[in-house]
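Analysis of the macromolecular model
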Amino acid sequence: MRYAKKPFHPDVLSGNMDQSGVLLWVKAEPFIVGALQVPPPSKFSLHYLRKIATYVRIRATEGAYPRLYWSTWRHIACGKLQLAKDLAWLYFEVFDSLSVRTPEKRLEWSEILSNCMSEDEVEKQRNQLSVDTLQFLLFLYIQQLNKVSLRTSLIGEEWPSPRSRSQSPDLTEKSNCHNKNWNDYSHQAFVSDHLSDLLELLLDPEQLTASFHSTHSSLVSREAVVALSFLIEGTVSTARKIYPLHELALWQPLHADSGFSKISKTFSFYKLEAWLRACLTGNPFGTSACLKSGKKLAWAHQVEGTTKRAKIACNTHMAPRMHRLVVMSQVYKQTLAKSSDTLVGAHVKIHRCNESFIYLLSPLRSVTIEKCRNSTFVLGPIETALHLHSCDNVKVIAVCHRLSISSTTEDHMARTGLATVPNYWNNPMVVCRENSDTSVFQLLPPSEFYIFIIPFEMEGDTTEIPGGLPSAYQKALSQREQKIQIWQKTVKEARLTKDQRKQFQVLVENKFYEWLINTGHRQQLDSLVPPAAGSKQAAG
């Protein structure tokens, strides 16, 4: 990979350089977090998105362009595309979550919503929200990443093509064949295959009315290329800094290659597309690069000699904070725990873990848990999305902005928002195909709810449940505690002799030991025992 091999210097963009010195790649986050892992609505096709692109420009003074307000998008989505309002809000909010916003601003927004006394008040507050119109159009288009292909569903795999035979690490090739959100080869292929459509979607109204055959003679505005920076970024071979696409495209020495005209302040469609294709390369901070040259993590707790199958890597030693990835695969019968700056703000993928207990106790950007079984995951606060796919009998304890579950058998899930209010833990949105069964979830019965204790001491307030428990679950806990108190009182009033107390204690301990083995909790307790002094741990 050219990016990794060439040395970096903290230079700025200067001097003479041809396009061979420019490296562009597709950003991972819009696909990891932004592309919902469900087939998109049929109205998100290029045909309808072109209509939306024209509509918003014509109604620029009505809160449609260059900023698209929620009220306008709701009108388009519900009135024109026939989407449910909740689904329209889901896409709007997911895109908004990708924006760079301080934690203080997000908490302030949550507080505003929590003070709303009715749905009308909530809508009034939402109507003040706006997003970048052109970037939002691109966001809607990339939902096609997870579009179900008829030929795929019939034959079980895509037809062979030169691109699909790209060389990639085994783990990426095997684990991500059905999860394109984490596959940087899929991201690059998607943008490359649909680059003409993406550019066409950003053209001005008078350009959109032209036939497709004359599109290549069209002109692309500076605003359009700025919007395309939502998906593409890059660098030059002598610079360490990462630049958004538009800064590179507008760089003076590259005007001839990128097709920018100082006179018209626009880009030639044909030249711009050709330049993008010539410079597009693999993401140096993507999953593939992380697995190929990533650094292995050291863990606060793990049992020696049983992680030979595990593949755990991160790119935090080389990637900027917004590009951090941590990939864990095939952790088997392990208890792993970590809280460090390595994890802060990282996108985390946990894949094919079985009979394990994993604690990632730092603020995270997003988490994907895929094809895991019989495991428990305790996660720090997740800024964007927590997604479970094809999991069986897993327990996840997390505070997250959005939780999505697909093809998963659910055992026990605790879920809140990043702020304690409003809390939609018992009101999930079911996104599924038409005429399908929507009874795909149920709340955990209060009688089966138990408090989960994290077996590590940490600084800060970690003893309280954010927002408290719903009354039914709190009542179940209180009743269980009352039974324990009654039992303890009964034992105390039994007035057993010293020998009887000793015999009774042995009996209770034996029963408790049997319960630990039968429930599998013995494995977790054994895994929590620190390794012997002098044992080696992986560096990282």
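Residues numbered from 1 in each chain as written. Predicted model: local features only at pLDDT ≥ 70, side-chain atom pairs only at ≥ 80, totals over all residues. Heavy atoms only, no water.

Comments concerning the overall build of the protein chain
As a reminder, the rule being used: Numbering of helices and strands runs from the N terminus; a helix is a DSSP stretch of H or I covering at least four residues, while a strand is a stretch of E covering at least two. Under the scheme applied here, a residue whose accessible area is under 20% of the maximum for its type counts as buried, over 50% as exposed, and between as partly exposed, the area being computed with a 1.4 Å probe on protein chains only. Two residues form a contact once any of their heavy atoms are found within 4.5 Å. Note that accessible areas follow from Shrake-Rupley with a 1.4 Å probe, and for residues the cover is restricted to the protein chains shown.
The helix and strand tally for the protein chain stands at 21 helices and 18 strands. Counting across all 540 residues of the protein chain, residues that qualify as buried make up 45%. A separation of at least 24 residues holds for 56% of the contacts in the protein chain among residues at least 6 apart in sequence. By element, 53% of the accessible surface of the protein chain is carried by carbon and sulfur atoms, the whole surface being about 28800 Å².

Concerning unusual backbone geometry
Look at the link from tyrosine 65 to proline 66: it is a cis peptide, with omega at 5°. Counting through the fold element by element, proline 66 comes out in the loop between α3 (46-58) and β2 (67-69). Within the chain, arginine 495 stands out as a residue other than glycine whose phi angle is a positive 55°. Topologically, arginine 495 is positioned in the loop between α19 (471-493) and α20 (498-519).

Structural notes on the sheet that holds strand β5 (residues 232-236)
Short version of the rule: Paired strands, as defined in this entry, are two strands with at least two bridges between them according to DSSP.
Reading across from one edge, β1-β5-β6 is the order of the three strands in this open sheet, with antiparallel pairing throughout. The sheet is open, and its two edges are formed by β1 (22-26) and β6 (243-244), each paired on a single side. One ladder, built from five bridges, connects β1 with β5; its direction is antiparallel. Paired with leucine 24 across the bridge in β5 is glycine 234.

Thoughts on the environment of proline 103
Mapped onto the secondary structure, proline 103 falls in helix α6 (residues 103-114). Using a relative accessible area of 57% as the deciding quantity, one classes proline 103 as exposed. For the pair proline 103 and glutamate 383, spaced 280 residues apart in the sequence, the C-alpha separation amounts to 9.0 Å.

Brief notes about the side chain of serine 356
How we decide: Identification of polar contacts relies on pairs of N or O atoms within 3.5 Å, with a donor-acceptor requirement for protein atoms, meaning one able to donate a hydrogen and the other able to accept it, and with residues adjacent in sequence counted only if both atoms are side-chain atoms.
Tracing the chain through its elements places serine 356 in the loop between β12 (347-351) and β13 (357-360). A polar contact of 3.2 Å, which involves the side chain of serine 356, links it to the backbone nitrogen of lysine 333. Polar side-chain contacts of serine 356 include one of 3.2 Å to the backbone nitrogen of glutamine 334.

Remarks on the packing of aromatic side chains
Going by this rule: Between rings of Phe, Tyr and Trp, where Trp is taken as its six-membered ring, a pair exists when centres lie within 6.5 Å; planes separated by under 30 degrees are stacked, by over 60 edge-to-face, and by other angles tilted.
Under the counting rule described, the total for this entry stands at 16 aromatic pairs. Consider the rings of tyrosine 91 and phenylalanine 139, whose centres lie 6.5 Å apart with planes at 65°: the pair is edge-to-face. Of this pair, tyrosine 91 sits in helix α5 (residues 85-97) while phenylalanine 139 sits in helix α8 (residues 133-141), and the two are 48 residues apart along the sequence. A relative accessible area of 1% means that tyrosine 91 is categorised as buried.

Points about the packing of α5 against α8
Just so we agree on the cut-off: Between the N-to-C directions of two axes lies an angle of 0 to 180 degrees, each axis being a line fitted to C-alpha atoms and, for a helix, fitted only over the stretch in contact. Angle categories are assigned with fixed cut-offs, so that under 35 degrees is roughly parallel, over 145 is roughly antiparallel, 65 to 115 is roughly perpendicular, and the rest are oblique. Crossing handedness: left-handed means the near helix sits turned counterclockwise from the far one by under a right angle, and right-handed means the same turn made clockwise.
In the contact formed by α5 and α8, the axes pass within 11 Å of each other and the chain directions differ by 115°. When the axis of α5 is compared with that of α8, the two are roughly perpendicular. Here the hand of the crossing between α5 and α8 comes out right-handed. On the side of α5, the interface is formed by Tyr91, Phe92, Val94 and Phe95, while α8 contributes Gln135, Phe136, Phe139 and Leu140.

Some thoughts on the side chain of arginine 126
Structurally, arginine 126 can be placed in helix α7 (residues 119-126). The contacts of arginine 126, once residues within four sequence positions are left out, are Trp70, Trp89, Trp109 and Glu119.

A short note on the confidence of the model for the protein chain
Threshold: How sure the predictor is of each residue is captured by pLDDT, a score from 0 to 100.
Of all residues in the protein chain, 74% attain a pLDDT of 70 or more, and the chain-wide mean is 79. Here helix α1 (residues 2-5) is the element of the protein chain with the lowest mean pLDDT, 35, and α8 is the one with the highest, 97. Scored below 50 in pLDDT, residues 411-419 makes 41 contacts in the model with residues more than four places away or belonging to other chains.

Notes on the sheet that holds strand β7 (residues 260-261)
Overall, antiparallel pairing links the three strands, which are arranged β4-β8-β7 in an open sheet. A single partner strand is all that each edge strand has here, and the edge strands are β4 (219-221) and β7. Bridging between β4 and strand β8 (residues 266-268) involves three bridges; their strand directions are antiparallel. Bridge assignment links serine 221 to a residue of β8, and that residue is threonine 266.

Brief notes about the environment of asparagine 393
Along the chain, asparagine 393 turns up in strand β17 (residues 392-406). A polar atom in the side chain of asparagine 393 sits 3.0 Å from the side chain of asparagine 374.

Observations concerning the nonpolar core
The following threshold applies: Nonpolar cores are built from buried Ala, Val, Leu, Ile, Met, Phe, Trp, Tyr and Cys residues. Side-chain atoms within 4.5 Å join them into one set.
Counting 85 residues, the largest nonpolar core has Leu24, Trp73, Phe136, Phe139, Trp275 and Leu276 as the members making the most contacts within it. Here this core takes eight residues from α5, the largest share from any one element. Aside from chain neighbours lying at most four places away, what touches phenylalanine 136 is Leu68, Trp73, Tyr91, Phe92, Phe95 and Val131. With 29 residues, the next largest nonpolar core counts Leu336, Ile369, Ala398 and Cys400 among its residues.

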